[in-house]
Each structure stands twice: as structure tokens, then as C-alpha cells.
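Secondary and tertiary structure notes
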Amino acid sequence: KLRALLTDLRVLRNAEPGCMAVVFTHHRETHAAVVQLLKAQAAADERVHLAPFQVFEIHGAMDNTKRHDAVREFQGRGKASAGPKVLVVTLRVGAVGMTLTAASRVYLFEPAFNPAAEVQAAGRIHRLGQTKDVLITRFVFRDSVEEHIVKLHEAIAAGRVQMQDGMVPPNGVRLLTRGA
């Protein structure tokens, strides 16, 4: 997934030198790995005189002032320079209270059990004030629990499974455990 993300971001940067993307992660460890990779790539790009991505991050351990500053810089209302930018956000923190309409690309790095969380997070970018087309890319490992979560999402959307008090009912659990 990390290689695929990096490849896609490079292609995006080549097509749109001032591109802006948001990567939503579900787990804090994944968030840290994505940020580390992007910062290492930015340093490597700078050494070979490519426009490096400016990397911003927001996660649950950050205080509100730092979160606000990261959003402001990413959106272009701060000290950050022009050029490609990536904001890495944990899904739980990024699903509410942010407007990120400067971005035109969204990456959902891990599926969430509740599909509404993904929709709400992507909605931070695709909302009133957005002037660009928004492309959403979801990364899912084949033959994994992630693929079963996507099947659960499809069953919920089709009305075959209904969440009950925010919980996955037994027929949804069967999708997760057997994928059937």
C-alpha cells in the first residue's frame, strides 16, 4: 500500500505540480508509517531537485491549536510555500470539524468498519466551496479482512445488513469472518 500510495502521489505531482492530497488512515501506527515514508521521500526528492511534497499531519494526540495550524498551512493560509502538499489524518480525528477543500485527491488507506466514517472523512474535501473534481482512492488488500470489510460496506449500502446501535449485526459479522 505504501508503494502504491507513493507511486500515485508521484504521478499526481507530475500531472499537477501544485497538487494537494489528503491521506486518511484508520490506525495510529499506519499514520506514523505513512508520515515517515512521505517525509523520507520529500528529503530524497529535494536532493535530486524535484519539488518535494510538504507533509502535514493530524492525529488524536495533537492539541487543537496544532490541528488548526496544520489545516491552515495545508489550505494555504499560513507560512507553507506553494507546491505539492499531503495531509495525513487519522480517520477518527479527520471525520469531523474540518474543511479541506484545497485538496483534490483523497486516499482512504484502510477501510473503517463503519462506512459512514469514510464518507464523512471524504466529505471534508468534497464539500461546499470545492472548485475542483475530487478523486477518492481506497486501498484494500485482496484476500484479507480489509476485503471483507468492503463487502460489509457493500451489503450495508444494498440494505442486506443494517447497523444496530453502531454495531455490526450477526449477518454482517458472517461477512467479516467468511466473506460470504
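In short, a report on the structure. Predicted model only: the values in this text are computed from it and were never measured.

Thresholds, definitions, all that
- Residues numbered from 1 in each chain as written.
- Predicted model: local features only at pLDDT ≥ 70, side-chain atom pairs only at ≥ 80, totals over all residues.
- Heavy atoms only, no water.
- Helix = DSSP H or I, 4+ residues; strand = E, 2+ residues; numbered from the N terminus.
- Rg over C-alpha atoms; globule rule 2.2 N^0.38 Å.
- Buried < 20%, exposed > 50% of the residue type's maximum accessible area, 1.4 Å probe, protein only.
- Contact = heavy atoms within 4.5 Å.
- Axes fitted to C-alpha atoms, helices over the stretch in contact; angles between N-to-C directions.
- Parallel < 35°, antiparallel > 145°, perpendicular 65-115°, else oblique.
- Left-handed = near helix turned anticlockwise from the far one by under 90°.
- Nonpolar A, V, L, I, M, F, W, Y, C, P; charged D, E, K, R; others polar.
- Expected span 1.5 Å × (residues − 1).
- Arc of directions from axis to C-beta.
- Pairing = 2+ DSSP bridges.

**Remarks on the overall build of the protein**
Helix and strand counts for the protein come out as seven helices and five strands. The order of α-helices and β-strands along the protein, N terminus first, is α-β-α-β-α-β-α-β-α-β-α-α. Taking 180 residues into account, the globule formula puts the C-alpha radius of gyration at 16 Å, and the protein, at 17 Å, falls close to it. Over its C-alpha atoms, taken along the principal directions, the protein stretches across nearly 55 × 30 × 30 Å. When each of the 180 residues of the protein is scored for burial, the buried share is 46%. Long-range pairs, those at least 24 residues apart, make up 74% of the contacts in the protein with a sequence separation of at least 6.

**Comments concerning the packing of helix α6 (residues 145-157) against helix α7 (residues 170-178)**
Relative to each other, α6 and α7 sit at 150°, their axes nearing to 8 Å. Classed by the angle they form, the pair α6 and α7 counts as roughly antiparallel. For the element pair α6 and α7, the recorded crossing hand is right-handed. Only Gly172, Leu175, Leu176 and Arg178 of α7 make contact with α6, whose side of the interface consists of His148, Ile149, Lys151, Leu152 and Ala155. Among the residues making up the contact of α6 with α7, the classes are represented as five nonpolar, two polar and two charged.

**A word on helix α1 (residues 2-15)**
Over its 14 residues, α1 runs 20 Å from end to end, which matches the ideal 20 Å to within 8%, given 1.5 Å per residue. If you check which residues of α1 are buried, you get Leu5, Leu6, Leu9, Leu12 and Arg13. Across the axial projection of α1, the buried residues extend over an arc of 125°, all falling on one side. Summarising the geometry of α1, the exposed residues directed more than 90 degrees from the buried face are Arg3, Val11, Asn14 and Ala15. Residues of α1 that are buried sit in contact with β1 (20-25), α2 (28-47), β3 (85-90) and β4 (105-108).

**Some words on the sheet that holds strand β2 (residues 54-58)**
Read across the sheet, five strands follow the order β2-β3-β1-β4-β5 without closing on themselves; strand pairing throughout is parallel. The sheet is open, and its two edges are formed by β2 and β5 (135-138), each paired on a single side. Recorded for the sheet is a direction-independent mean angle of 20° between the axes of neighbouring strands. Of the pairings in the sheet, the one linking β1 to β3 comprises six bridges and is parallel in character. From the neighbouring strand, methionine 20 faces β3, where its bridge partner is lysine 85. Those strands touched by α1 are β1, β3 and β4, and its axis lies near 175° from that of β4. Packing against the sheet, helix α3 (residues 64-74) makes contact with β1, β2 and β3, and its axis sits at approximately 145° to β2.

Honestly, that's just the spatial picture; any functional story needs more than this.
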